[in-house]
Amino acid sequence: MNEKNRPFLKWPGGKYKLLDKILPKLPQSHTWVEPFVGAGAVFLNVNTEQAILNDINPDLINLYQLIKTEGNTFIDYASQFFNKKNNQEKKYYQLRTAFNESEDIVLRSALFLYLNRHGYNGLCRYNQKGGFNVPFGRYKNPKFPQQQLLYFHQKSQRATFTCKDYRQILKNLKKGSVVYCDPPYVPISESASFTQYSGKIFTWQDQQDLAQMAIDLSRKGIQVLISNHDLKPLREIYRDAKITSFDVARTINCNTQKRGPVKELLALFT
Ligand SMILES: C[S@@+](CC[C@H](N)C(=O)[O-])C[C@H]1O[C@@H](n2cnc3c(N)ncnc32)[C@H](O)[C@@H]1O
């Protein structure tokens, strides 16, 4: 793989490792739209004049907004939480509580970055009351992602960030925009649970609405690429699209015996 720009966050379902498969499928455009931006692996590696980047997670979008507008001032402030003393279980839980109790956007954003790099597997999970509840990650020496943050700051000057349900974003797009949708995956088996990034489950109805909106947009001259697992019911709802499929060595099961390649699909609505 050629040198690619890495996101500064770890993110469940992040597409950094799949960029070589995704980038060649993307049409060029002056306006790049990602309704499910997550860590932004794809956005960081496309050329575009402007970008509309959305995610339903307000902690993520507040953090992005601060990096865009405050740059070094915020990056320096956030870096102070990365030290040996803070990489201890007891301290991690204190800072997690401080995050959950704070309404200060700057402190919450810096701690969100700290939690992402010190929490278990880079998970982003909230309880029903909206409290971040990921356990301590036990990493030896979590690194502060200085270079990736600076690159994000630079690249985000052309981006507008929003925190809405994806339907709101897809409703108001201009002709010529290109949309890349990377929704939460459909669980691969009945026992696998839905991934929650914001305390709200992404349902089968949400997957169906997305597919229908992609059809409607392509009819208006807006091309849409969707990533998902390669599963029969998804192929069914993406039947109007051009589908490509490939193997991914991805961990999908806590039981290591059941780990194995999962097929991934890309559905292009043109
Ligand atoms: C698979 S991740 C995207 C990963 C991203 N492509 C990357 O490379 O990091 C899915 C994202 O969708 C967001 N999400 C979940 N439900 C949503 C909704 N209804 N509208 C918008 N975003 C949503 C989640 O917060 C999560 O960040």
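Residues numbered from 1 in each chain as written. Predicted model: local features only at pLDDT ≥ 70, side-chain atom pairs only at ≥ 80, totals over all residues.

Undergrad: Account for the overall build of the protein chain, naming residues and giving values.
TA: Within the protein chain one finds 9 helices and 7 strands. For 270 residues, the compact-globule formula gives about 18 Å, and the C-alpha radius of gyration of the protein chain, at 19 Å, lands near that figure. Across its three principal directions, the C-alpha atoms of the protein chain cover 55 × 45 × 40 Å. Within the span of the protein chain, comprising 270 residues, buried residues form 33% of the whole. (Helix = DSSP H or I, 4+ residues; strand = E, 2+ residues; numbered from the N terminus. Rg over C-alpha atoms; globule rule 2.2 N^0.38 Å. Buried ≥ 20, exposed ≤ 12 C-beta atoms within 10 Å, placed from the backbone.)

Undergrad: Give me the packing of helix H3 (residues 72-79) against helix H5 (residues 105-118): which residues, what numbers.
TA: It is the contact of H3 with H5, at a shortest axis distance of 9 Å, that shows an interaxial angle of 60°. As summarised for this structure, H3 and H5 are arranged oblique, according to the angle between their axes. Seen from above, H3 lies across H5 with right-handed handedness. Side by side, H3 and H5 meet where Phe74, Tyr77 and Ala78 of the first sit next to Val106, Ala110 and Leu113 of the second. Residue classes in the contact of H3 with H5 are distributed as 6 nonpolar, no polar and no charged. (Axes fitted to C-alpha atoms, helices over the stretch in contact; angles between N-to-C directions. Parallel < 35°, antiparallel > 145°, perpendicular 65-115°, else oblique. Left-handed = near helix turned anticlockwise from the far one by under 90°. Contact = placed C-beta atoms within 7 Å. Nonpolar A, V, L, I, M, F, W, Y, C, P; charged D, E, K, R; others polar.)

Undergrad: Please give an account of the domain arrangement of the protein chain that cites residues and values.
TA: One can read the domain layout of the protein chain as domain 1 (16-57 + 163-269) and domain 2 (66-148). Each of domain 1 and domain 2 has a C-alpha centre, and the two are 27 Å apart. (Domains from an automatic or database assignment.)

Undergrad: Could you give an account of the nonpolar core, naming the residues involved and the relevant values?
TA: Ranked by internal contacts, the top residues of the largest apolar core, which has 56 residues, are Val179, Ala214, Leu217, Val224 and Ile226. Excluding its chain neighbours within four sequence positions, the residues that come into contact with valine 224 are Val179, Cys181, Ala214, Leu217, Ser218 and Phe269. (Core = buried A, V, L, I, M, F, W, Y, C linked by C-beta atoms within 7 Å.)

Undergrad: I'd like a description of the pairing of strand E1 (residues 31-34), backed by residues and values.
TA: As paired strands, E1 and strand E2 (residues 50-54) are joined by 4 bridges and run parallel to one another. Following the sheet pairing, threonine 31 is matched in E2 by glutamine 50. (Pairing = 2+ DSSP bridges.)

Undergrad: Summarise the packing of helix H2 (residues 58-70) against H5; cite the residues concerned and give the values.
TA: Viewed as axis vectors pointing N to C, H2 and H5 meet at an angle of 105°, and their least axial separation amounts to 9 Å. Taken together, the axes of H2 and H5 lie roughly perpendicular to each other. Where H2 abuts H5, its residues Asp59, Asn62, Leu63 and Leu66 lie against Ile105, Val106, Arg108, Ser109, Phe112 and Leu113. When its residues are assigned to classes, the contact of H2 with H5 shows 6 nonpolar, 2 polar and 2 charged.

Undergrad: Run through the environment of tyrosine 126, naming residues and quoting values.
TA: Tracing the chain through its elements places tyrosine 126 in the loop between H5 and helix H6 (146-155). Counting along the chain gives 74 residues from tyrosine 126 to lysine 200, while the straight-line C-alpha distance between them is 9.0 Å.

Undergrad: Describe H6, naming the residues involved and giving the relevant values.
TA: Note that an α-helix has 3.6 residues per turn; residues three or four places apart therefore point the same way. Among all positions of H6, only Leu149, Phe152 and His153 are buried. Within H6, the buried residues cover an arc of 100° as seen down the axis, which keeps them to one side. Those residues of H6 that are exposed and angled more than 90 degrees off the buried face are Gln147 and Gln154. On the buried face of H6, the contacting elements are H2 and H3. (Arc of directions from axis to C-beta.)

Undergrad: Tell me what's going on with unusual backbone geometry, and back it up with residues and numbers.
TA: Its identity as a non-glycine residue notwithstanding, asparagine 121 has a phi of 55°, on the positive side. The exposed category is assigned to asparagine 121, around which 12 C-beta atoms lie within 10 Å. A positive phi angle, near 55°, is found at arginine 138, a position not held by glycine.

Undergrad: Which residues make up the confidence of the model for the protein chain, and what values do they have?
TA: On average, residues of the protein chain score 92 in pLDDT, and 91% of them reach the 70 mark or higher. Taken as a whole, residues 252-257 scores under 50 in pLDDT and shows 6 contacts with residues more than four places along the chain or in a different chain. (pLDDT = per-residue confidence, 0-100.)

Undergrad: I'd like to hear about the environment of threonine 31, residue by residue, with values.
TA: Mapped onto the elements of the fold, threonine 31 is located in strand E1. For threonine 31, a count of 17 C-beta atoms within 10 Å corresponds to the partly exposed category. Taking the C-alpha atoms as reference points, threonine 31 and glycine 176, 145 residues apart in sequence, are found 7.3 Å from one another. Every residue in contact with threonine 31, bar those within four places of it in the chain, is listed here: Thr48, Gln50, Lys174, Gly176 and Ser177.

Undergrad: Tell me about the environment of lysine 91, residues and numbers included.
TA: Along the polypeptide, lysine 91 turns up in helix H4 (residues 89-101). Judged by the 16 C-beta atoms lying within 10 Å of it, lysine 91 is partly exposed. With 91 residues separating them in the primary sequence, lysine 91 and aspartate 182 have C-alpha atoms 34 Å apart. Those residues within four positions of lysine 91 in sequence are excluded, and the remaining contacts are Lys85 and Asn86.

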